[in-house]
Amino acid sequence: TQVSHLYVKGSTVFFNSVTSTTTDKASTLQSFGKGAGGRPGTLLRISATDVKSIAAFSAFPSESELLASLNSSYRVATVLQSADVSFFVALFYRV
């Protein structure tokens, strides 16, 4: 399901559950686009300080997995499209 319409520059996005992310860009891009029909989806770049590393507990410690807390909110700062990613959104943690 394409969710790109949910991300409008200047809007606030809320993640109502614990959100998993990674600092490993190469790992993300390698697996990106292996979803429905092999089409790339929405790639989020999140700048956050209130996240916790769970790499020591992860089944994939090399992914450098981080968790953002329940009900985190983010401001959409940039919306870009590119050839290798169908939709790209840069989000910044709202303090």
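Residues numbered from 1 in each chain as written. Predicted model: local features only at pLDDT ≥ 70, side-chain atom pairs only at ≥ 80, totals over all residues. Heavy atoms only, no water.

(A) Examining the overall build of the chain more closely. Broken down by element type, the chain carries one helix and seven strands. Tracing the chain from N to C terminus, the helices and strands come up as β-β-α-β-β-β-β-β. Every one of the 95 residues in the chain was classed for burial, and the buried ones make up 25%. Taking the intrachain contacts of the chain between residues at least 6 apart in sequence as the baseline, contacts between residues at least 24 apart amount to 63%. Accessible area for the chain stands at about 6400 Å²; split by element, carbon and sulfur atoms hold 55% of it. (Helix = DSSP H or I, 4+ residues; strand = E, 2+ residues; numbered from the N terminus. Buried < 20%, exposed > 50% of the residue type's maximum accessible area, 1.4 Å probe, protein only. Contact = heavy atoms within 4.5 Å. Areas by Shrake-Rupley, 256 points an atom, 1.4 Å probe, with all protein chains shown as cover.)

(B) Spatial organisation of the sheet that holds strand E4 (residues 51-53). Across the sheet, which stays open at both edges, the three strands sit in the order E2-E5-E4 with antiparallel pairing between neighbours. Sheet topology places strand E2 (19-22) and E4 at the edges, where each strand pairs with a single neighbour. When the angles between neighbouring strand axes are averaged without regard to direction, this sheet yields 35°. Judged from the three bridges that link them, E4 and strand E5 (residues 65-68) form a sheet pairing that is antiparallel. Residue pairing across strands places Val51 opposite Ala68, the latter belonging to E5. (Pairing = 2+ DSSP bridges. Axes fitted to C-alpha atoms, helices over the stretch in contact; angles between N-to-C directions.)

(C) Representation of the pairing of strand E1 (residues 12-15) within the structure. On E1, burial follows the alternation: Val13 and Phe15 on one face are buried, whereas Thr12 and Phe14 on the facing-out side are not. Pairing between E1 and strand E6 (residues 72-80): four bridges, direction antiparallel. Note on E6: the bridge partner recorded for Val13 is Tyr74.

(D) Expanded view of the confidence of the model for the chain. Considering every residue of the chain, the mean pLDDT works out to 76; 68% of them sit at 70 or more. Per-element averaging of pLDDT across the chain places strand E7 (residues 87-93) at the bottom with 64 and E4 at the top with 89. (pLDDT = per-residue confidence, 0-100.)

(E) Looking closely at the nonpolar core. Counting six residues, the largest nonpolar core consists of Tyr7, Val13, Phe15, Ala68, Tyr74 and Val76. Ala68 has contacts with Val18, Thr19, Asp50, Val51 and Tyr74, leaving out every residue within four places of it along the chain. (Core = buried A, V, L, I, M, F, W, Y, C linked by side-chain atoms within 4.5 Å.)

(F) Inspection of the environment of Lys9 at higher detail. Note on placement: Lys9 falls in the segment before E1. A relative accessible area of 63% means that Lys9 is categorised as exposed. Along the backbone, Lys9 and Val79 are 70 residues apart, and their C-alpha atoms lie at a distance of 6.3 Å. Excluding residues that lie within four positions of it along the chain, Lys9 makes contacts with Val76, Ala77 and Val79.

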